[in-house]
Number of protein chains: 2
Amino acid sequence: MDQQLIFTNDTIPAIQKWVATVKPSTLFIVCDENTASRVGESILTALPQAQIITIGAGDKHKDLVSVSQIWEQMSANGGTRRSAVINAGGGMITDIGGFAAATFKRGVRFLNLPTTLLGAVDAAVGGKTGFNFNGLKNEIGAFAPADAVVISTRYFSTLPSEELLSGYAEMIKHGLISSREMFIQLLDFNISHADLDRLLPLLEENVMVKKHVVDVDPKEQGLRKALNLGHTPGHAFEAWALHRERPVPHGYAVAWGLVVDLILSHLRWGFPSEDLHLLASYVKAHYATPCITCDDYPELLEYMRHDKKNARVGEINFTLLAAPGDLRLDSLVPDDDIRAALDIFRDLTE
Amino acid sequence: MDQQLIFTNDTIPAIQKWVATVKPSTLFIVCDENTASRVGESILTALPQAQIITIGAGDKHKDLVSVSQIWEQMSANGGTRRSAVINAGGGMITDIGGFAAATFKRGVRFLNLPTTLLGAVDAAVGGKTGFNFNGLKNEIGAFAPADAVVISTRYFSTLPSEELLSGYAEMIKHGLISSREMFIQLLDFNISHADLDRLLPLLEENVMVKKHVVDVDPKEQGLRKALNLGHTPGHAFEAWALHRERPVPHGYAVAWGLVVDLILSHLRWGFPSEDLHLLASYVKAHYATPCITCDDYPELLEYMRHDKKNARVGEINFTLLAAPGDLRLDSLVPDDDIRAALDIFRDLTE
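Residues numbered from 1 in each chain as written. Chains lettered and ligands numbered in written order. Predicted model: local features only at pLDDT ≥ 70, side-chain atom pairs only at ≥ 80, totals over all residues. Heavy atoms only, no water.

Novice: It is not clear to me how the interface of chain A and chain B should be interpreted in this structure. Could you clarify?
Specialist: As a measure of interface size, the accessible area lost when the parts come together is often cited. The interface is formed by 28 residues belonging to chain A together with 28 residues belonging to chain B. For the pair chain A and chain B, the summed buried area comes to about 2,300 Å², and 52% of that belongs to carbon and sulfur atoms. Contact with chain B buries area across many residues of chain A, yet A:Trp71, A:Arg106 and A:Glu139 alone supply 31% of it, more than any other trio. Between the two partners, chain A and chain B, sit two salt bridges. Across the salt bridge formed by A:Lys105 and B:Glu139, the nearest N and O atoms sit 2.9 Å from each other. Across the chain A-chain B interface, the total number found is 10 residue pairs in polar contact (both at pLDDT 80 or more). Broken down by secondary-structure element, the contributors of at least two residues to the side of chain A that touches chain B are helix 3 (64-76), helix 4 (91-103), strand 6 (128-133) and strand 7 (136-143) of chain A. For the side of chain A that touches chain B, the element with the highest residue contribution is strand 7 of chain A, accounting for seven residues. A breakdown of the residues in the side of chain A that touches chain B according to their chemical character gives 12 nonpolar, eight polar and eight charged. (Contact = heavy atoms within 4.5 Å. Buried area = accessible area lost by both parts, 1.4 Å probe. Salt bridge = Lys/Arg side-chain N within 4 Å of Asp/Glu carboxyl O. Polar contact = N/O pair within 3.5 Å; in protein donor to acceptor, adjacent residues only side chain to side chain. Helix = DSSP H or I, 4+ residues; strand = E, 2+ residues; numbered from the N terminus. Nonpolar A, V, L, I, M, F, W, Y, C, P; charged D, E, K, R; others polar.)

Below, the structure is given as structure tokens:
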């Protein structure tokens, strides 16, 4: 996928340079209510020819109404096939703005400027765009890579610590599927009191892992399954918490899910016990624990089975590891092993 | 572009074979009010697992409401990433159904079954999908090739002769950009009293011309401009007629536009006079004439300039030919030559 990744905290000059290369006929900046004043205005100062399009903030506005709003404003304000779009915001903005750009006049060029760690590490790279429809997440969308992604840590200082922790769980996942060295380096960094200048090089290395996976498998047919590490139990924890009306951030659930997947990796493929314990301590220190009991196991298993639609009764398909960087895709795990792993998970995190 | 083209009047077995290969989890047939009973039902008889989605007929329904209707019905009736869609109708259905399929769950496989000549020769091949938005034609869309296109002449017998003539003008255009042999062969066929069995092999050869152009230049950056032959004056005739509240079918305007473009080709690049006269006679016999006077020239020139947004005052950019099959893309023509060509056009067709 031909996508330019620019890692810098001097975001505005990087964007100006891109605009100078693209020479768009008209330039739009897609923001939400939060990023319009905080980020959009500073881009507008540097690129006064641009027009800001502001949509509602949050996942509930990731819908057809917002997409239509973007299309309408582009169409009514001089949008052509040679226009360009800058998406400045979290994953919601890069997803929906990317979709609008990819379909306006059958596609105009766009740049993503993620303003959250989760957005930087996950949503802004890889070409998945879309919006929620009919009550379903990302029901409508397209595979359309941004022309360029400008990745910085400069917008993170105003984020709630929960958001940073959430994004960091995805970074740990990328470390685990990449190498022991990267994994250990990530656990040596204290995300709860994060030094944002030190975070940028870690983020750079990390995003390149995702980029590599996506380049090899743009349409999610093989290697991209690696990115599911931690997510089968993670989604189960998320659904379980939501069902109790005590929702947890996605990244917290993924952090817990990573511990469960490493336990399963240890049981099934001999994943090193030392590395499992290192992760469990880090997760316990920064993400606390969901406090499950064995009464919750049937429900959690049910969610995992539902997450993997083609799972057979009695076993569920996981992405596991024999060691950091050594993938075991499509590992079938019997229900008994999952229950055993949940027991160990409680021992390690409570 | 990896697109399977199947030329046959045994359409149903061809569709069945495709479905057997794709093995979709659910199968949808997108039709309009006209093709649902005439074509959709016959597919449903052969493939009873399918579900028909019917939208309003005509260009006025090529809108976001219809796209949402298709998305909603797919989403509510078991649509997954492994679903497939059959678009059965004219260019409007293959455009809008193609877009809905290309964006549902970030893209499912789809087959086009064009039921009009214009749709077969033009819209169904080449990957352009989309719908009208904000009063603009195809304002929103995507480049997304159908998995397969089943091309037949069997649905044409119930079409008004106007529609056949309209599609045939595009076929003549493809003949002209391809070779003298193909061009002459097309003029030897009487489209006003068409033998549909004889039309199929002509159509096959013809669609392959468009497929070649699109394969070489999928995103309209170079060779695809060849397909604009006849269209700069054609769009002007269309707008001129509409302005007088006497609209003409698109293909009629293209037929007239082809004559104008061959006159310009003769004046500018020495296009053979004999071939120009052959085309003019055919167009006069089958498409009559727009009956313009020299008072209409300023308006027609204005439309042509508007059609080419980057035209400079005093000259307009055309796709021309030095001979059938010998393209001269981006030919700049002074306004005086266009006026002279319109004089000759009136002489040849009135």
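Novice: Please explain the pattern of salt bridges as it appears in this structure.
Specialist: A side chain with one charge can pair with a side chain of the opposite charge if their charged atoms come near. In total, this model carries 34 salt bridges over all chains according to the counting rule given. Residues B:Lys210 and B:Asp122 are paired through a salt bridge, measuring 3.2 Å at the closest nitrogen-oxygen approach. Of this pair, B:Lys210 sits in helix 8 (residues 196-216) while B:Asp122 sits in helix 5 (residues 117-123), placing them 88 residues apart in sequence. Looking at B:Asp122, the relative accessible area reads 24%, which means it is partly exposed. Residues B:Arg180 and B:Asp275 are paired through a salt bridge, measuring 2.7 Å at the closest nitrogen-oxygen approach. You can see B:Arg180 sitting in helix 7 (residues 180-187) and its partner B:Asp275 sitting in helix 11 (residues 273-287), a full 95 residues away along the chain. Judged by relative accessible area, B:Arg180 falls into the partly exposed class, the value being 36%. Bridged by salt links that share partners, the residues A:Arg180, A:Glu274 and A:Asp275 form one connected network. (Buried < 20%, exposed > 50% of the residue type's maximum accessible area, 1.4 Å probe, protein only.)

Novice: How should I be thinking about the relation of the copies chain A and chain B in this particular structure?
Specialist: Both copies of the chain are related by one operation, a rotation about an axis with a shift along it. Overlaying chain A with chain B gives an RMSD of 0.1 Å, the required rotation being 180° about an axis along which the chain moves by 0.1 Å. What the superposition gives is, in effect, a two-fold axis relating one chain to the other. Taking C-alpha positions as the reference, the residue of chain A nearest the rotation axis is A:Ala142, at 4.4 Å. Most of the interface of chain A is mirrored in chain B: 100% of its interface residues are interface residues there too. (Least-squares fit on C-alpha atoms with pLDDT ≥ 70 in both.)

Novice: How should I be thinking about the sheet that holds strand 8 (residues 148-151) of chain B in this particular structure?
Specialist: Pairing between the strands of a sheet comes from backbone hydrogen bonds, and it takes one of two forms, parallel or antiparallel. All names here are of chain B. The strand order 1-8-5-4-2-3 describes an open sheet built from six strands, whose pairing is parallel. Each edge of the sheet is formed by a strand with only one pairing partner; in this case those strands are strand 1 (4-7) and strand 3 (51-55). Going from strand to strand, the sheet's axes swing by 20° on average, the running direction of each strand aside. Relative to strand 4 (residues 84-89), strand 2 (residues 27-32) is paired through four bridges, and the arrangement is parallel. Across the sheet, Val30 pairs through a bridge with Asn87, a residue of strand 4. Across the face of the sheet, helix 2 (residues 33-46) comes into contact with strand 2, strand 3, strand 4 and strand 5 (109-114) while running at roughly 150° to strand 2. The strands that helix 4 (residues 91-103) touches are strand 2, strand 3, strand 4 and strand 5; relative to strand 4, the one it contacts most, it runs at about 165°. (Pairing = 2+ DSSP bridges. Axes fitted to C-alpha atoms, helices over the stretch in contact; angles between N-to-C directions.)

Novice: Sorry, what's going on with the state of the cysteines here?
Specialist: As used in these notes, a disulfide is a covalent bond between sulfur atoms, one from each of two cysteines. Enumeration over the complete set of coordinates arrives at zero disulfides over all chains. Among the cysteines around A:Cys291, which has no disulfide bond, A:Cys294 carries the closest sulfur, lying 14 Å off. (Disulfide = S-S within 2.5 Å.)

Novice: What is the right way to read helix 3 of chain A from this model?
Specialist: The periodicity of an α-helix, 3.6 residues per turn, causes residues three or four positions apart to be oriented the same way. Residue and element names in this part refer to chain A. Between the first and last C-alpha of helix 3 there are 18 Å, a value that for 13 residues agrees with the 18 Å anticipated at 1.5 Å per step. Regarding helix 3, the residues found buried are Leu64, Ser66, Val67, Ser68, Ile70, Trp71, Met74 and Ser75. Two residues or fewer after helix 3 comes Gly78, characterised by a positive phi angle close to 85°. (Expected span 1.5 Å × (residues − 1).)

Novice: Could you clarify how one ought to interpret unusual backbone geometry in this entry?
Specialist: For residues other than glycine, phi is negative in most cases, and the peptide bonds are mostly trans. All names here are of chain B. For Lys23, which is not glycine, the phi torsion reads 45° and is therefore positive. Of note, Lys23 is situated in the loop between helix 1 (11-22) and strand 2. Of note in this structure, Asn134 is not a glycine but carries a positive phi near 55°. Checked against the element boundaries, Asn134 lands in the loop between strand 6 (128-133) and strand 7 (136-143).

Novice: Can you walk me through the packing of aromatic side chains in this structure?
Specialist: For any pair of aromatic rings, the description consists of the separation of the ring centres together with the inter-plane angle of the planes. Evaluated as defined, the whole model comprises 20 aromatic pairs over all chains. When the centroid spacing of 6.3 Å and the interplanar angle of 45° are considered together, the rings of A:Trp71 and A:Phe99 count as tilted. Of this pair, A:Trp71 sits in helix 3 while A:Phe99 sits in helix 4, and the two are 28 residues apart along the sequence. In this structure, A:Trp71 and A:Phe99 share a single accessibility class: buried. Here A:Phe131 and B:Trp71 contribute two aromatic rings whose centre-to-centre distance is 5.9 Å and whose plane-to-plane angle is 70°, an arrangement assigned as edge-to-face. With A:Phe131 in strand 6 and B:Trp71 in helix 3 (residues 64-76), the pair connects residues from two separate chains. (Phe/Tyr/Trp six-rings, centres within 6.5 Å; stacked < 30°, edge-to-face > 60°.)

Novice: Just checking my understanding: could you explain the packing of helix 6 (residues 161-178) of chain B against helix 10 (residues 250-269) of chain B for this structure?
Specialist: Each pair of packed helices can be described by the angle between their axes along with the distance between the axes. All names here are of chain B. Contact geometry for helix 6 and helix 10: axes closest at 7 Å, N-to-C directions at 30°. On the basis of the axis angle, helix 6 is roughly parallel to helix 10. Here the hand of the crossing between helix 6 and helix 10 comes out left-handed. Touching Glu162, Leu165, Ser166, Ala169, Glu170, Ile172, Lys173 and Leu176 of helix 6 are His250, Gly251, Tyr252, Val254, Ala255, Leu258 and Leu262, all from helix 10. Grouping the constituent residues of the contact of helix 6 with helix 10 by class yields nine nonpolar, three polar and three charged. (Parallel < 35°, antiparallel > 145°, perpendicular 65-115°, else oblique. Left-handed = near helix turned anticlockwise from the far one by under 90°.)

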